[in-house]
Every structure is written in structure tokens, then in C-alpha cells.
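Residue-level listing of the chains:
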Amino acid sequence: MKKLIALLLAIMLTAPAWATAGLGPEEQTKAFVDQVITIIRNDQDLQSNGKTATATEAIDRTVLQPRFNFRHMTSLAMGKEWRKASPEQQETLVKEFKTLMVKTYSSALTVYTNPAVTFKKSRFQPTDTEVQIRTQVLQPGRQPADIDYVLEKLGEEWQVFDVVVAGVSLVTNYRDFFTQEVRNGGIDGAIKSLQTKNQGPPPPPAVTP
Amino acid sequence: MIARQPYLRLMAVALLLVVTSGCAARQNGNPRDPWEGYNRAVFSFNEGLDRAIIKPVAKGYEAVVPTPINTIITNFFSNIGDVLTAVNNLLQGKVRDSASDFSRVVLNSTLGIGGLIDVATGMTFEKHDEDFGQTFARWGFGNGPYFVLPLFGPSTIRDSFGLLADWQSDPLTYVRPYVLRDSVTGLRFIDTRADLFSAEKVVEAGAIDKYAYLRDAYFQHRNYVIFDGMPPREEESE
């Protein structure tokens, strides 16, 4: 009996990973957005201190890793500059851009402590392989936020490659910036500024006794 | 009219200066932002002003004013804004939306006690977002160059003229005495700033170059509202 319960529990816990395969893009989006909301509502550090680090980490691990196509995001963000990068450079770019996206996407949701998400009417055909799912995040006393997910069909699974907040793509918003960066310092220049951003602000100078 | 509104005069001068300075676009610059030098200077000025005065005041406002009162204040200004939205929807030929906006104003001003409570949204009269900049866009005017306004931040030449028209048709502009008009306008400014704290978090997380990030976000967001939330998706250039 104990074994059976353990087995059932194990199935329930791993369920989100495969249970959504075969469902439509709206259902799949709903499934992972619900996971994000659950993480936010249950994260002690966020609820009591407003600190977002652990929630961001959990959102990344359980939702973004399996659901977001970071390679596609990076190439989309870089536009025509993407092809100028060597395979090694592309790999580094994806790694750094992923870090940036995880933080940016999470920050759009962790400003809420008790969010509710409604799904607005999304227009797409059953044969489409690229769709935009429209959501709205609500919390009393706060401005509602329109967050759209752009997904592509890969096999039976829908993967996110763009997130649009109030009409602003968190991904393509870097286009002009990357064009400028590559013009000034080449692909390596773009990598450098991503790395600098991801390392965060420099630590305050040490106080000499 | 303009003489009594120092900011309008300042903006008119700035517009004139920039427009008459002609196309001094740098060869390597961003084609949408030929006046990047001027824009970055005004941007830093605005940032300094925000850090020193506006943000602390808005923080204090948020800390002191309880959430329900804050909502009431936001609703009050939102109701006044709906007048402008209704007019602009009409000017864009969206008669049905315009009628809905006017209904919102009537319902919220009466049942909603002078706009303090937004009863109309619950009655399926959805809130829209319209202004003269969007109307000019619908009439076929392009953005023109990016143009950062002192105090008000990101804009374009078209949207700056839009903003001038917004002010002329804003009921608050005609409130007298002037001291009352200025106090209420100031309150609206701070209330709007306080509502931006959430968006600011995303900008902090995402921006590598804050100036460029806000500029590109401005263009995207304007495109989004001009097309009423349904802009055509950009082609991928991969």
C-alpha cells in the first residue's frame, strides 16, 4: 500500500512534465502559467520579504527550462546579427541571454504577491504552428498587466519563444541595441555587455579600516 | 493660453529648435533616433529629476495613501481620461468604441460617484487607451524622429504634437483657479508615476542600456496601442 501511494505521488509530481503533451497551445500555456502562480503564492521569501531570488530560481527550474526555447529567443533578439556569430559565440550568447530572460520574465510576475491570471481570446487556427496566447495578470490595487506568450509547435509540444508585456516584446526589444553593439564592438562586444549586465552592479568599494 | 502655461512654451521652443535643426542624423546612428545626443542629455536630466524628487515623492505617496484610496484616485483620473479616449475613438471613426467610452464616463460619473468607482468595467464597458498621438497615427502620420521630452520622457515628434492636443482637450486644463488646476495636475502626475513601479522592475531587470531599452519599448508599446492591442507581428529576419 505504501509503495502504491509512493508511486501515485511520484506520478503526480512528475505529471506536469508530460501531462500537457498533445494538448492545445492554450491549455499548455495555462498549465505552466498556473505553475508560475503557485510558485509565487507559496514562496516564503517573496511573500514575507519581497525578495525574488528563490522564486525566480524555482520559476526557471520548473517552468522556463522545459518550456522556453532560449536559442530561438536569442536569435530573435539579435535579428540579422545572429548569423554573424560563430557556433561557439552563439552558444555563449544563448547562455547569457537566457540568464537575462529568466530575470526579466520573472520580474514581470514577481511584482505581484497574489496574482490571478485570466486568458483573453486568442485567435489561431488548429493547423497553426505559431500562436500568440493572450493573458492578463490581475491583482487588486495594482495595474493589470497584459502578458502574451508566443509559442511554436515542436512535435507535440508548444514552446515559448517570445513574451510580450503590454505590447513590448521582452525579446525583440534588444534588436536596435544589439545592432549598435555589434557595430561598435562586434559579436564579442555584445557578449561582453550581456556578461557585464548578468554579473550585476559592481560591489561597493571595500572600506579600508 | 500658451503664455499661462510655461511648460507648453518650453516644449514649443524645444520642438521648434529640433525641427529647424534639420536632419543632422549621424551616419552610424539609429535611423529612428537621429537626435540621440540631445535625447540622451534630456533623458539623463529626467533620470536625475526622477531620482531626486519625483520617485521619492511617489514612494511616499504610495506609502502614505492606503490602497483603496489610491485606487479611488487612479479611478478619478481614469474617468477624466475616458473623455479624451471617447473623443479620439470618435476621431478615428471607431463609433462603437467611442459610444462605449462615453457610456463609461456617464456611468462612472453618476453611479460611480464622480468617477471614484469604476462601475462600468464590471458592466462590460471595457476601458480603452486612446490619445491624439494615436489618432494622428490612424490619420496616416508617421512617428517622426524619437524625441525625449523634458519631464514627460519618451515621445516622438508626432506624439509630442499629440500631447499638445491632449492637453488642449483635457478637462483638467480648464480647472480654475490655477492653483487648484496645478495641484490636481501634480497629483495626477505622482499617481501615474506610482503606477509605474511594477514596470520599472522589469526595466531594471532587462535593460542593459536603459536609454535604448526605454526607447525601443516606447516604439513597441505605441505600435501596440495604435493597433488596439493587435499589431501585426514583425517578420523574423533570421
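Residues numbered from 1 in each chain as written. Chains lettered and ligands numbered in written order. Predicted model: local features only at pLDDT ≥ 70, side-chain atom pairs only at ≥ 80, totals over all residues. Heavy atoms only, no water.

K.L.:
Explain the overall build of chain B to me, and be specific about the residues and the numbers.
P.N.:
For chain B, the count of helices and strands is nine helices and zero strands. Secondary structure elements of chain B, listed N to C terminal, follow the sequence α-α-α-α-α-α-α-α-α. Residues counted as buried form 45% of the 238 residues belonging to chain B. Considering only contacts within chain B whose residues lie at least 6 apart along the sequence, 67% involve residues at least 24 apart. Surface summary for chain B: the accessible area is close to 12,300 Å², and the carbon and sulfur share equals 68%. (Helix = DSSP H or I, 4+ residues; strand = E, 2+ residues; numbered from the N terminus. Buried < 20%, exposed > 50% of the residue type's maximum accessible area, 1.4 Å probe, protein only. Contact = heavy atoms within 4.5 Å. Areas by Shrake-Rupley, 256 points an atom, 1.4 Å probe, with all protein chains shown as cover.)

K.L.:
So what about the overall build of chain A? Which residues, and what values?
P.N.:
Of the regular secondary structure elements, chain A holds seven helices and five strands. The linear arrangement of helices and strands in chain A, starting from the amino end, is α-α-α-α-α-α-β-β-β-β-β-α. Residues counted as buried form 48% of the 209 residues belonging to chain A. Taking the intrachain contacts of chain A between residues at least 6 apart in sequence as the baseline, contacts between residues at least 24 apart amount to 56%. For chain A, the exposed surface amounts to about 10,900 Å²; the carbon and sulfur share of it is 58%.

K.L.:
Describe the interface of chain B and chain A, listing the residues and the values that go with them.
P.N.:
Every contact between the two is made by 32 residues of chain B and, on the other side, 41 residues of chain A. Both sides of the chain B and chain A interface together cover about 3,100 Å² of buried area, and 48% of this is carbon and sulfur. Ranking the residues of chain B by area buried against chain A places B:Ile208, B:Gln220 and B:Arg233 at the top, with a combined share of 22%. Linking chain B to chain A there are one salt bridge. One salt bridge in this structure joins A:Asp176 and B:Arg32, with 2.9 Å as the shortest N-O distance. At the boundary of chain B with chain A, the tally comes to twelve residue pairs in polar contact (both at pLDDT 80 or more). Of all elements in the fold, only helix H3 (67–91), helix H8 (197–206) and helix H9 (210–226) of chain B reach the threshold of two or more residues within the side of chain B that touches chain A. When residues in the side of chain B that touches chain A are grouped by element, the largest group, eight residues, is from H9(B). Here the residues of the side of chain B that touches chain A sort into nine nonpolar, eleven polar and twelve charged. (Buried area = accessible area lost by both parts, 1.4 Å probe. Salt bridge = Lys/Arg side-chain N within 4 Å of Asp/Glu carboxyl O. Polar contact = N/O pair within 3.5 Å; in protein donor to acceptor, adjacent residues only side chain to side chain. Nonpolar A, V, L, I, M, F, W, Y, C, P; charged D, E, K, R; others polar.)

K.L.:
Pulling in residues and values, what's your account of a nonpolar patch on the surface?
P.N.:
All names here are of chain B. On the surface, Val87, Leu90, Leu91, Val95, Phe102, Trp139 and Phe141 cluster together to form a nonpolar patch covering roughly 660 Å² of accessible area. Of all the secondary-structure elements, those providing two or more residues to the nonpolar patch are H3 and helix H4 (95–110). Top contributing element to the nonpolar patch by residue count: H3, with three residues. Among the secondary structure elements, Leu90 is positioned in helix H3. (Patch = residues over 30% accessible without salt bridge, like charges linked within 9 Å, V, L, I, M, F, W, Y side chains within 5 Å.)

K.L.:
Quick rundown of the pairing of strand E2 (residues 130–138) of chain A? Include the residues and the values.
P.N.:
All names here are of chain A. Here strand E1 (residues 116–119) runs beside E2; their pairing, made up of four bridges, is antiparallel. By the bridge assignment, Val117 is partnered in E2 with Val137. Where E2 and strand E3 (residues 145–154) come together, eight bridges link them in antiparallel fashion. Of the residues in E3, the one forming a bridge with Val137 is Ala145. Linkage of E2 to E3, two consecutive antiparallel strands, is achieved through a turn of six residues, within which Gly141 is found at a positive phi near 80 degrees. (Pairing = 2+ DSSP bridges.)

K.L.:
Before we move on, could you go through the environment of A:Gln65 and cite the residues and values that matter?
P.N.:
Residue and element names in this part refer to chain A. Secondary-structure assignment places Gln65 in helix H4 (residues 53–67). Expressed as a C-alpha distance, the spacing of Gln65 and Val102, which sit 37 residues apart in the sequence, is 9.3 Å. In this structure Gln65 touches Asp60 and Lys98, once residues within four positions along its chain are discounted.

K.L.:
Now, about the nonpolar core: what can you tell me, with residues and values included?
P.N.:
Residues and elements named next belong to chain A. Counting residues in each nonpolar core, the largest one holds 60 residues, and the members touching the most others are Phe97, Tyr105, Tyr149 and Val163. Considering each element in turn, this core owes the most residues, nine residues, to helix H6 (residues 87–110). If sequence neighbours within four positions are ignored, Tyr105 has contacts with Phe32, Val36, Ile59, Leu64, Phe68, Tyr149, Val163 and Leu170. (Core = buried A, V, L, I, M, F, W, Y, C linked by side-chain atoms within 4.5 Å.)

K.L.:
Any chance you could break down the packing of helix H2 (residues 25–42) of chain A against H4(A) for me, citing the residues and the numbers?
P.N.:
Residue and element names in this part refer to chain A. Between H2 and H4, whose axes approach to 9 Å, the crossing angle comes to 165 degrees. Comparing their axes, H4 and H2 come out roughly antiparallel. H2 and H4 meet at a crossing whose hand is right-handed. Only Ala55, Ala58, Ile59, Thr62, Val63 and Arg67 of H4 make contact with H2, whose side of the interface consists of Gln28, Phe32, Gln35, Val36, Ile39 and Ile40. (Axes fitted to C-alpha atoms, helices over the stretch in contact; angles between N-to-C directions. Parallel < 35°, antiparallel > 145°, perpendicular 65-115°, else oblique. Left-handed = near helix turned anticlockwise from the far one by under 90°.)

K.L.:
Can you break down the packing of aromatic side chains residue by residue, with the values?
P.N.:
For the structure shown, the criterion picks out 23 aromatic pairs over all chains. Note on A:Phe32 and A:Phe68: the rings are 6.3 Å apart at their centroids and 75 degrees apart in plane angle, and the pair reads as edge-to-face. With A:Phe32 in helix H2 and A:Phe68 in the loop between H4 and helix H5 (70–78), this pair connects stretches of sequence that are 36 residues apart. You can call A:Phe68 buried: its relative accessible area is 5%. For the pair B:Tyr146 and B:Tyr218, a centre-to-centre distance of 6.3 Å together with 55 degrees between the ring planes defines the contact as tilted. (Phe/Tyr/Trp six-rings, centres within 6.5 Å; stacked < 30°, edge-to-face > 60°.)

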